[in-house]
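# Coordinates in review
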Amino acid sequence: MNLPFAEPFKIKVIEPIYRSSREERESWIKEARYNLFNLRSDRVFIDLLTDSGTGAMSQYQWSEIMLGDESYAGSLSYFKLKDVINNLLGMPYFLPSHQGRAAENVLFSAMIKEGDIVPGNSHFDTTKGHIEFRRAKAVDCTIDESFNTEIYHPFKGNVSLEKLEETYKKYPTEKIPLCVLTITCNTSGGQPVSMQNIKDVSALCKKYGIPLIFDSARFAENAYFIKTRESGYENKTIKEITKEMFSYADGATMSSKKDAIVNIGGFLACRDKELFQKASTYCIMFEGFVTYGGLAGRDLGALAQGLMEGTEFDYLEARVGQVAYLGEKLKSYGVPIQQPTGGHAVFVDAKKFLPNVPKEEYQAQTLAIELYLEGGVRGVEIGTILADRDPVSRENRYPALELLRLAIPRRVYTNNHMDYIAASLANVYERRDKINKGLKIAYEAPIMRHFTVELERV
Ligand code: F0G
């Protein structure tokens, strides 16, 4: 018979997790004001809040922690990372940063000014935040297929070239300092961008003289999808595909807490020396000297090693395969999810799951609470609470999709955990007809309310 798939690693260190009772969870979630961010982590059995900084490092990464060179300037760990970034991404200049949003802060300080327009494919929250904080505007040019969870499209992260060119024609070039391409696109469900689309977007950017910057938190997962879904790439290695992807970009920011499998870290990279020099000043101001950028030498070493491991096919097959495994299980129970599953998470369609809960009572958050109560599983709401209020009218903004994201940490859980998650959600699905009341807000902050919101049952 054909041998079944098995992970290309074994477990050396374990971290016990507590299996709580439903009664305990009832009282803890009430105490947390129905906000999963307020829970102590030992009150969570399986934690799918994020795949960011939650991965398990390898023995090689841990040995880099010991080898870390803690020199303030010229650390050898910095040069190790510089070599990896040069070789892997083909970018000559780079600056470390303490995480992804810090890289955005440094790069955008050098590039974006008030009144600018920044097109892209469903910009991530912090990216949009850094654009809007500078009184510039993010324009979403994602393809329409991305907003329909039921239809299959192999590259739902793609940019609509019509929407992008329309934006380029509408505004003067000097008002558009860059275009951000997020690979994979987190907001639309960890969905990849095809090589063809990257090429086309790059050509359009060149035609209008606009720099193309990748938000590359999950670039390796994107390369995996290109290899497995796009013709002409099946025989190329992930590292070859990565090199080609980045050859079309002028620069990149990266949250290394994702595909570089470290618990903290990030960087920006670019081709233009002048841009690098300008950004270096902001790096020194906000992050630290250019050879450490807010990180310890040991973090730089672990990051360099993580980039090499994160771009190995066998690892990615296990990683993306585990996300798909959970998606398939959920589908077999009839649970409505964004299809196909993305690289880092399964996105559950809460509008379809809980049609009896009015949208004013926060369907995705209600579902997140039900899943926690059922099995101690913590996901995250990507819906109305996250979308915040309109800054002018102060009315709730109701996004096209109301989603519960189940983000899978890298190399952390087994498929038994996936079975447990799927069964927990299936149990909630079975009693969905009886769930017809949601939540109401008791306290909210004026912006970024989802982190600190306090809720009550209706
Ligand atoms: N870009 C993307 C596509 C991201 O998903 C994130 C973080 C960032 C930038 C910012 O990076 O957190 O290192 O500052 N996403 C996390 C998540 C928080 O849960 O999806 P950071």
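Residues numbered from 1 in each chain as written. Predicted model: local features only at pLDDT ≥ 70, side-chain atom pairs only at ≥ 80, totals over all residues. Heavy atoms only, no water.

## Quick word on the side chain of T291
Tracing the backbone through its elements, the reader meets T291 in the loop between α10 (273–286) and α11 (297–310). Polar contacts involving the side chain of T291 include one to the main-chain amide nitrogen of G74, which spans 3.1 Å. Residue contacts for T291: discarding those within four places in its chain leaves Y72, A73, G74, S75, Y78, P96 and L300. (Helix = DSSP H or I, 4+ residues; strand = E, 2+ residues; numbered from the N terminus. Polar contact = N/O pair within 3.5 Å; in protein donor to acceptor, adjacent residues only side chain to side chain. Contact = heavy atoms within 4.5 Å.)

## Some thoughts on the pairing of strand β4 (residues 137–140)
Judged from the four bridges that link them, strand β3 (residues 117–120) and β4 form a sheet pairing that is parallel. Its bridge partner lying in β4, V118 is registered against A138. With respect to chirality, the unit in which β3 leads through helix α5 (residues 125–133) into the neighbouring parallel β4 is right-handed. (Pairing = 2+ DSSP bridges. Right-handed = clockwise from strand over helix to strand, strands pointing away.)

## Here's the deal with helix α16 (residues 415–430)
If you check α16, its first and last C-alpha atoms are 22 Å apart, about what 16 residues at 1.5 Å a residue would give, namely 22 Å. Residues H417, M418, I421, A422, S424, L425, A426, V428 and Y429 constitute the buried set of α16. (Expected span 1.5 Å × (residues − 1). Buried < 20%, exposed > 50% of the residue type's maximum accessible area, 1.4 Å probe, protein only.)

## Comments concerning the sheet that holds strand β9 (residues 345–349)
Ordered in space as β9-β12-β11, the three strands form an open sheet in which the pairing is antiparallel. Each edge of the open sheet is held by one strand with a lone partner, namely β9 and β11 (380–382). Taken pair by pair, the neighbouring strands of this sheet meet at an average axis angle of 30 degrees, ignoring direction. As paired strands, β9 and strand β12 (residues 403–407) are joined by five bridges and run antiparallel to one another. If you follow A345 over to β12, its bridge partner there is A407. Taken strand by strand, helix α12 (residues 313–332) contacts β9 and β12, and its axis lies near 25 degrees from that of β9. (Axes fitted to C-alpha atoms, helices over the stretch in contact; angles between N-to-C directions.)

## Structural notes on the nonpolar core
Counting residues in hydrophobic clusters, the biggest one holds 58 residues, and the most contacted among them are Y168, F214, F219, M245, F267 and L307. Counting residues domain by domain, this core receives three or more from each of domain 1 (22–51 + 313–457) and domain 2 (59–309). The residues contacting F219, other than those within four sequence positions of it, are L88, L89, I183, T242, M245, F246, M254, D259, L307 and T311. Within the second largest apolar cluster, 45 residues are counted, among which are V44, I46, V346 and A350. (Core = buried A, V, L, I, M, F, W, Y, C linked by side-chain atoms within 4.5 Å. Domains from an automatic or database assignment.)

## Some thoughts on the domain arrangement of the protein
Structurally, the protein comprises domain 1 (22–51 + 313–457) and domain 2 (59–309). The straight-line distance from the C-alpha centre of domain 1 to that of domain 2 is 27 Å. Contacts between domain 1 and domain 2 engage 25 residues on the former and 30 residues on the latter. For the pair domain 1 and domain 2, the summed buried area comes to about 2300 Å², and 56% of that belongs to carbon and sulfur atoms. At the surface where domain 1 touches domain 2, the tally comes to six salt bridges. In this structure, E150 engages K352 in a salt bridge whose closest nitrogen and oxygen atoms are separated by 3.5 Å. Summed over the shared surface of domain 1 and domain 2, the number is 19 residue pairs in polar contact (both at pLDDT 80 or more). A per-element tally of the side of domain 1 that touches domain 2 places α12 first, with six residues. (Buried area = accessible area lost by both parts, 1.4 Å probe. Salt bridge = Lys/Arg side-chain N within 4 Å of Asp/Glu carboxyl O.)

## Description of the packing of aromatic side chains
This model, assessed by the stated rule, comprises 15 aromatic pairs. Each ring, one from Y78 and one from F79, has its centre 5.0 Å from the other, and the planes form 80 degrees; the classification is edge-to-face. Given the relative accessible area of 8%, Y78 is considered buried. Residue class for F79 comes out partly exposed when judged on its relative accessible area of 39%. Every member of this aromatic cluster is reached through a ring pair, and the members are Y78, F79, F94 and F267. (Phe/Tyr/Trp six-rings, centres within 6.5 Å; stacked < 30°, edge-to-face > 60°.)

## Some words on the packing of helix α3 (residues 76–89) against α11
Packed helix pairs are specified by the crossing angle of their axes together with the interaxial distance, meaning the distance between the axes. Put simply, α3 and α11 touch, their axes get as near as 8 Å, and they point 25 degrees apart. It follows that α3 is roughly parallel to α11 by the angle criterion. When you trace α3 past α11, the crossing you get is left-handed. Together, S77, Y78, K80, L81, V84, I85 and L88 of α3 and G297, L300, G301, L303, A304, L307 and M308 of α11 make up the contact between the two elements. (Parallel < 35°, antiparallel > 145°, perpendicular 65-115°, else oblique. Left-handed = near helix turned anticlockwise from the far one by under 90°.)

## Re the site of the ligand
The environment of the ligand is made up of 16 residues, and the closest members are T50, R101, D215, S255 and K258. Measuring from an oxygen atom of the ligand, one finds a side-chain N or O atom of T50 at 2.7 Å. Here an oxygen atom of the ligand sits 2.8 Å away from a polar atom, N or O, in the side chain of N186. Burial of the ligand by the protein amounts to 92% of the accessible area it has alone, namely 470 Å². In terms of residues, the shell around the ligand owes the most to one element, helix α4 (residues 100–111), which gives three residues. Residues that form the shell around the ligand fall into these classes: one nonpolar, eight polar and seven charged. (Near = heavy atom within 4 Å. Areas by Shrake-Rupley, 256 points an atom, 1.4 Å probe, with all protein chains shown as cover. Nonpolar A, V, L, I, M, F, W, Y, C, P; charged D, E, K, R; others polar.)

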